[in-house]
Amino acid sequence: MDADELKRRYAAGERDFPATNLGRAKLIGAHLAGVNLFAADLSGANLAKAKLWGANLGGANLAGANLTRANLSGVNLHEANLRGAKLNFAKLYGANLSGA
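Reading the values: rules and limits
Residues numbered from 1 in each chain as written. Predicted model: local features only at pLDDT ≥ 70, side-chain atom pairs only at ≥ 80, totals over all residues. Heavy atoms only, no water. Core = buried A, V, L, I, M, F, W, Y, C linked by side-chain atoms within 4.5 Å. Buried < 20%, exposed > 50% of the residue type's maximum accessible area, 1.4 Å probe, protein only. Contact = heavy atoms within 4.5 Å. Salt bridge = Lys/Arg side-chain N within 4 Å of Asp/Glu carboxyl O. Helix = DSSP H or I, 4+ residues; strand = E, 2+ residues; numbered from the N terminus. Phe/Tyr/Trp six-rings, centres within 6.5 Å; stacked < 30°, edge-to-face > 60°. Lys NZ or Arg CZ within 6 Å of the ring centre and 35° of its normal.

Engineer: Please clarify how the nonpolar core should be interpreted in this entry.
Structural biologist: Soluble globular proteins tend to pack their nonpolar side chains together in the buried interior. By size, the foremost hydrophobic cluster in this structure holds 32 residues, and its most contacted members are Val35, Leu37, Leu42, Leu52, Leu57 and Leu62. Apart from the residues lying within four places of it in its own chain, the contact partners of Val35 are Tyr10, Arg15, Phe17, Leu52, Ala55 and Asn56.

Engineer: Would you mind showing me how to read the pattern of salt bridges here?
Structural biologist: Think of it this way: side chains of opposite charge can pair up when their charged atoms draw near. Summed over the entire model, instances satisfying the criterion amount to two salt bridges. Between Glu5 and Arg9 there is a salt bridge, with its nearest N and O atoms 3.0 Å apart. With Glu5 and Arg9 both in helix α1 (residues 3-11) and four residues apart, the pair spans about one turn of that helix. For Glu5, a relative accessible area of 25% gives the class partly exposed.

Engineer: I tried to follow the packing of aromatic side chains on my own but got confused; where do I start?
Structural biologist: How two aromatic rings sit relative to each other is set out by the distance from centre to centre and by the angle between their planes. Applying the stated criterion across every chain yields a total of zero aromatic pairs. The ring of Tyr10 is capped by Arg15, whose NZ or CZ atom sits 3.7 Å from the centre of that ring. The ring of Phe89 carries Arg69 above its face, with NZ or CZ at 4.5 Å from the centroid.

Engineer: For this particular structure, what's the right way to read the environment of Leu87?
Structural biologist: Within the secondary structure, Leu87 sits in the segment after α1. When the C-alpha atoms of Leu87 and Met1 are compared, they prove to be 25 Å apart, with 86 residues separating the residues in sequence. Once you skip the residues sitting within four places of it in the chain, Leu87 turns out to touch Leu67 and Leu72.

Engineer: How should I be thinking about the side chain of Asn71 in this particular structure?
Structural biologist: Note that Asn71 resides in the segment after α1. Contact partners of Asn71, with chain neighbours within four places excluded, come to Ala50, Lys51, Leu52, Trp53 and Lys91.

Engineer: Can you help me understand unusual backbone geometry in this one?
Structural biologist: Trans is the prevailing form of peptide bonds, just as negative phi is the prevailing case for residues other than glycine. Even without a glycine there, the phi angle at Ala39 is positive, about 60 degrees. Among the secondary structure elements, Ala39 is positioned in the segment after α1. Residues other than glycine seldom take positive phi values, yet Lys49 does so here, at roughly 65 degrees. By secondary structure assignment, the location of Lys49 is in the segment after α1. Of the residues examined, Lys49 reaches a relative accessible area of 51% and is grouped as exposed.

Engineer: What am I meant to see in the environment of Leu57 here?
Structural biologist: Its place among the elements puts Leu57 in the segment after α1. Separated by 28 residues in the primary sequence, Leu57 and Gly29 place their C-alpha atoms 17 Å from one another. Beyond its immediate chain neighbours, meaning those up to four positions away, Leu57 contacts Leu37, Leu42, Leu62, Val75, Asn76, Leu77 and Ala80.

Engineer: Teacher, can you tell me more about the side chain of Thr20 here?
Structural biologist: Here Thr20 lies in the segment after α1. Residues contacting Thr20, with those up to four places away along its chain left out, are Met1, Ala40 and Asp41.

Purely geometric stuff here, so don't read any function into it on its own.
Next up, the structure:
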């Protein structure tokens, strides 16, 4: 799946995309609130300014991802790989970062 397909399916009302491969995807400013990307590969993805509040990113690989200014409020990041991720000015209010 690529970034355009994800956005198209999300806009159509789909929210469950577990274990999806979105490595290096360009999702700058994407509105994906409440999306389920459990155990997804988002390594190197550009999610700058993305709106992800309430999303499930538990167990996701976000290594090297750009999350600058992303809204991650209430996001489940339990056991997510955030190694080398850019979180500058990201909103993390109420996010679950246990084991991340």
